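Residue-level structural notes
Residue-level listing of the chains:
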Amino acid sequence: MLKYKFIESMVSEDVGRGDLFSRISKSKEVRSYILAKSDGTFGGKEYIDVLANIYNLNLEWYVDDGLPFQIGDRLLNISGDSKSILSLERSILDIALHASSIATLTKKFVLKVEPYGVKLLDTRKTRPLLREFEKYAVRCGGGINHRMGLDDSLMLKDTHLKTIDNLKEFMIEVRQKIPFTSKVEIECETLEGVKEAMSAGADIVMCDNMSIDKIKEVVVFRDRYYAHILLEASGNVTLDTIEEIAKTGVDAISSGALIHQANWIDLSMKIES
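Let us look at the structure shown here. Within any chain, residue numbers begin from 1 and follow the written order of that chain's sequence. Side-chain atom pairs in this predicted model are given and counted only at pLDDT of 80 or more, local residue features only at pLDDT of at least 70, and totals for whole chains, interfaces and linings cover all residues. Remark: hydrogens and water are excluded; side-chain values derive from all non-hydrogen atoms of the structure.

**With respect to the pairing of strand β9 (residues 204–208)**
Regular strands place their side chains on alternate faces of the sheet. Here is the rule we go by: Relative accessibility thresholds used throughout: buried, under 20% of the residue-type maximum; exposed, over 50%; partly exposed, between the two (1.4 Å probe, protein chains only). Runs of H or I in DSSP of at least four residues are treated as helices and runs of E of at least two as strands, each being numbered from the N terminus. Whether a crossover is right-handed comes down to one check: with the strands pointing away from the viewer, does the path from the first strand over the helix to the second run clockwise; if it does, it is right-handed. Should DSSP find at least two bridges between two strands, the strands are taken to pair.
Burial of β9 is extensive: five of the five residues sit out of reach of the surface. Burial along β9 is two-sided: I204, M206 and D208 facing one way and V205 and C207 facing the other are all buried. Handedness of the crossover is the feature at issue here: the chain leaves strand β8 (residues 184–188), passes through helix α8 (residues 191–200), returns alongside β9, and the resulting connection is right-handed. By the bridge criterion, five bridges tie β9 to strand β10 (residues 230–234) in an arrangement that is parallel. Directly across from M206, in β10, lies its bridge partner E232. The handedness of the β9 to β10 crossover, carried by helix α9 (residues 212–225), is right-handed.

Spelled out as structure tokens, the structure:
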């Protein structure tokens, strides 16, 4: 249902009161295709399938979500009414471009951490009203979603902690009031903060903007005293730094860069003559 609303809003934004070309052109059955003009990892199939269903287009896929493609590859054939295809060209391409760009960058990060058994997570740093779509694109690239919103797990960040007088007492109340299945993650910037969070009963501890050496200290402490608690590292995560972070022994690494640093790849649509 959410995909349908997303597609309808996107098309409405572009078509407005009606495609002017459709007013003066004649309908005919045509076939178009999407051509890759750069290498990448594909994303967007789930959404394009929904769009095609709404607007009665026939699709023939050569690629699936999460699969690699190369320059010159034909990714998708689209057949149907010429007016519909031309009106929807930009919407279809924007879905594929946006999702594939995020998926492509995510895959590069994933390949850096896979050898160490570390999970790659996204964040809530998404564009307004595009969170579901952008987090879907992360999954296409092999990443794992962090929380979707404030309602599916409790994270206590530095700003929250400033308002809490006694963390242990607060955590007792937390366990009585949040859903039984919801986890609690506490953000820490120092080893002392980690010790307090783990003692208070955190399920996950985030090592926020810590140096590699400091993260290693946290891992040693966790392994010795609180082996059941998961460790997440975050802050200043780049393609150049993520492998060293993964080597520390944390369970997961989160990065907003997967989404907000993804540069658009190059895809185009062609009409077959």
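**Let's talk about α9**
Along an α-helix, a turn takes 3.6 residues, which lines up residues three or four apart on a common side. Let me state the cut-off plainly: To estimate the expected span of a helix, subtract one from its residue number and multiply by 1.5 Å. Of all possible arcs, the one meant is that of the directions from the helix axis to the C-beta atoms.
Taking 1.5 Å as the rise per residue, α9 with 14 residues should run 20 Å; its terminal C-alpha atoms sit 20 Å apart, in good agreement. Taken together, the buried positions of α9 are occupied by I215, V218, V219, F221 and R222. Mapping the buried residues of α9 onto a view down its axis gives an arc of 165 degrees, with all of them on the same face. Facing away from the buried surface of α9 by more than 90 degrees, the exposed residues are D213 and R224.

**Some points on a nonpolar patch on the surface**
Going by this rule: Patch definition: residues above 30% relative accessible area lacking any salt bridge, with like charges linked at up to 9 Å and the nonpolar side chains Val, Leu, Ile, Met, Phe, Trp and Tyr linked at up to 5 Å. Under the convention used here, a 1.4 Å probe and the Shrake-Rupley method define accessible areas, while residue burial counts only the protein chains that appear. Each reported salt bridge corresponds to a side-chain nitrogen of Lys or Arg within 4 Å of a carboxyl oxygen of Asp or Glu.
Where nonpolar side chains cluster on the molecular surface, the patch consists of F21, I24, L86 and I271 and spans about 400 Å² of accessible area. With respect to the element layout, I24 can be found in helix α2 (residues 20–24). A relative accessible area of 72% means that I24 is categorised as exposed.

**Structural notes on the pairing of strand β1 (residues 29–36)**
Two strands pair when backbone bridges link them, and β1 and strand β5 (residues 74–81) are joined in this way by seven bridges, in the antiparallel orientation. Counted as the bridge partner of I34 is L76 from β5. By the bridge criterion, five bridges tie β1 to strand β12 (residues 267–271) in an arrangement that is antiparallel. Following the sheet pairing, Y33 is matched in β12 by K270.

**Details of the environment of S182**
Quick note on the threshold: The contact rule is simple, with two residues in contact once any of their heavy atoms fall within 4.5 Å.
Residue position: S182 is located in the loop between α7 (167–177) and β8. Sequence-distant contacts of S182, that is, excluding residues within four places in its chain, are made with D152, S153, R175 and D203.

**Concerning the pattern of salt bridges**
For the coordinates displayed, the defined rule picks out 16 salt bridges. E173 serves as the salt-bridge partner of K177, at 2.6 Å between the closest nitrogen and oxygen. One end of the pair, K177, and the other, E173, are both in helix α7, four residues apart, so they sit about a helical turn from each other. By relative accessible area, E173 is classed as partly exposed at 36%.

**Some details on the packing of aromatic side chains**
Let me state the cut-off plainly: Put simply, two rings from Phe, Tyr or Trp (the six-membered ring, in Trp's case) pair if the centres are within 6.5 Å, and we call them stacked under 30 degrees between planes, edge-to-face over 60, tilted for the rest.
Counted under the stated rule, the structure contains nine aromatic pairs. With 5.2 Å between their ring centres and 20 degrees between their planes, F6 and F133 make a pair best called stacked. On the criterion of sequence distance, the pair formed by F6 in helix α1 (residues 2–15) and F133 in helix α5 (residues 131–140) is long-range, its members being 127 residues apart. Exposure class is identical for F6 and F133. Each is buried. Their ring planes at 40 degrees and their centres at 6.1 Å tell us that F133 and Y136 sit as a pair that is tilted. Residue F133 and its partner Y136 are both found in helix α5; the two are separated by three residues, about one turn of the helix.

**Some points on the nonpolar core**
Most often, soluble globular proteins have nonpolar side chains that are buried together. Threshold: Here, nonpolar core refers to any group of buried Ala, Val, Leu, Ile, Met, Phe, Trp, Tyr and Cys residues whose side-chain atoms link them within 4.5 Å.
Membership of the largest hydrophobic core comes to 78 residues, with the highest contact counts inside it found for I253 and L267. Considering every element that reaches this core, the biggest residue donor is helix α4 (residues 82–113), with 14 residues. Those residues in contact with L267 that sit more than four places away from it in its chain are I34, L35, A36, K37, F69, L75, L93, A96 and L97.

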